[in-house]
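What the coordinates show
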Amino acid sequence: MVPLLLAAVLTLDAPPALSKPVRADIPAKTASYDSPALEGVMVTLECTARASGRVENCHVLAETHPGMGFGEAAIALMRDARVAPGPTDIQFARTLQFTP
């Protein structure tokens, strides 16, 4: 009688059965940042390469998405850039492409 009573109590505390099985191998849906508006973001900079190899005085010549901060980001990326030392200072243009 006691085992029968114990079995009845255990079945009452059982977790509810799921109507649909849960699959753990399905990845959770994550936010997608692949926006067509941000495809093909390019910034063209003009900079000065000093004879010492240091790059400075960069400014934006053109950008595909003005006002979104990509021009400032491109200038920041060139801030610590260096090139091979040369006999004189030269100006050059560089186009940076940002990809999402």
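Placed above this text is the structure.
Anyway, here's the lowdown on the structure attached to this text.

Parameters and conventions
Residues numbered from 1 in each chain as written. Predicted model: local features only at pLDDT ≥ 70, side-chain atom pairs only at ≥ 80, totals over all residues. Heavy atoms only, no water. Disulfide = S-S within 2.5 Å. Helix = DSSP H or I, 4+ residues; strand = E, 2+ residues; numbered from the N terminus. Buried < 20%, exposed > 50% of the residue type's maximum accessible area, 1.4 Å probe, protein only. Salt bridge = Lys/Arg side-chain N within 4 Å of Asp/Glu carboxyl O. Core = buried A, V, L, I, M, F, W, Y, C linked by side-chain atoms within 4.5 Å. Contact = heavy atoms within 4.5 Å. Pairing = 2+ DSSP bridges. Axes fitted to C-alpha atoms, helices over the stretch in contact; angles between N-to-C directions.

1. Some details on the state of the cysteines
Two cysteines form a disulfide when their sulfur atoms are joined by a covalent bond. For the structure on display, the rule yields one disulfide. The disulfide partner of Cys-47 is Cys-58, and the gap between their sulfur atoms is 2.1 Å. With the S-S bond torsion at 115°, the cross-link from Cys-47 to Cys-58 turns out right-handed. Of this pair, Cys-47 sits in strand E1 (residues 41-49) while Cys-58 sits in strand E2 (residues 55-63), and the two are 11 residues apart along the sequence. One exposure class covers both Cys-47 and Cys-58, and it is buried.

2. Some points on the pattern of salt bridges
Side-chain pairing between opposite charges can occur once the charged atoms of the two side chains come close. All chains considered together, the criterion is met by three salt bridges. With a shortest N-O distance of 2.6 Å, Arg-50 and Glu-56 are connected by a salt bridge. Residue classification places Arg-50 among the partly exposed residues on the basis of a relative accessible area of 25%. Ionic pairing is found between Asp-89 and Arg-50, a salt bridge with its closest N-O pair at 2.8 Å.

3. Some details on unusual backbone geometry
If you check the backbone angles, Asn-57 has positive phi at about 55° while not being a glycine. With respect to the helices and strands, the residue Asn-57 is situated in strand E2.

4. Here we look at the nonpolar core
Within soluble globular proteins, side chains that are nonpolar tend to cluster in buried spots. Formed by 14 residues in total, the largest nonpolar core has its most connected members in Leu-45, Cys-47, Val-55, Met-78 and Phe-98. The biggest single contributor to this core is E1, with five residues. Filtering out sequence-adjacent residues up to four positions away, Leu-45 remains in contact with His-59, Val-60, Leu-61, Ala-74, Ile-75, Met-78, Phe-92, Ala-93, Arg-94 and Leu-96.

5. A look at the sheet that holds E1
Read across the sheet, three strands follow the order E2-E1-E3 without closing on themselves; strand pairing throughout is antiparallel. Edge strands, defined here as strands with exactly one partner in the open sheet, are E2 and strand E3 (90-98). Adjacent strand axes in the sheet meet at a mean angle of 25°, parallel and antiparallel pairs treated alike. Examined bridge by bridge, E1 and E3 share nine bridges and lie antiparallel to one another. Within the sheet, the bridge partner assigned to Thr-48 lies in E3 and is Gln-91.

Spatial relationships are all this shows, so hold off on functional conclusions.
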